[in-house]
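# Coordinate analysis (summary)
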Amino acid sequence: MEDKKVYDVMTRGVVSVHLTDSAREVARALVENKIHAVAVMDNNGDAVGIISEMDLLGVMDQDLDLTRAEDIMSSHLRSITPNSRLREAAEIMLGFKVHRLIVLHPEGRRAVGVLSISDIIREVTKPD
């Protein structure tokens, strides 16, 4: 794992929603894509937050059509660049107790992928 970079194992592409999308649209994006979280993008296409299944669970008693992504997203977006070492990514995940990192282009806030704990585990269990 020492020599591996984030781009070696990350999932390319990001399923995202817009700040003003409803919680119902967020839930639909999770279900249709069989994923556990989505990135939240602003009008410039920059990643500004993340919404996980747990975040949605917390608003299930609210009107999902009136609740907006910006109301439930975590704006503490944990991110990393594609050229970062996989070990660094694992340390960030452990330190912040997060299951995934948004992979951002090195020159801005454009999301280019996602790195999850599952991606790292899958990589370290590969035969040599």
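The structure contained in this document is the topic of the report that follows. (Residues numbered from 1 in each chain as written. Predicted model: local features only at pLDDT ≥ 70, side-chain atom pairs only at ≥ 80, totals over all residues. Heavy atoms only, no water.)

### Structural notes on the sheet that holds strand β5 (residues 79-80)
Sheet architecture is open: 4 strands sit in the order β1-β7-β6-β5, paired in mixed fashion. Among the strands making up the open sheet, the edge pair consists of β1 (11-12) and β5. Pairing of β1 with strand β7 (residues 111-116), which is carried by 2 bridges, proceeds in the antiparallel orientation. Among the inter-strand pairings, T11 is bridged to a residue of β7, identified as V114. The strands touched by helix α6 (residues 117-124) are β1 and β7; relative to β7, the strand with the most contacts, the crossing angle is about 65°. (Pairing = 2+ DSSP bridges. Helix = DSSP H or I, 4+ residues; strand = E, 2+ residues; numbered from the N terminus. Contact = heavy atoms within 4.5 Å. Axes fitted to C-alpha atoms, helices over the stretch in contact; angles between N-to-C directions.)

### Considerations on the pairing of β7
Bridging between strand β6 (residues 100-104) and β7 involves 5 bridges; their strand directions are antiparallel. Residue pairing for β7: L101 is matched across the bridge by L115. Counted between consecutive antiparallel strands, the loop separating β6 from β7 contains 6 residues, among which G108 sits at a positive phi close to 150°.

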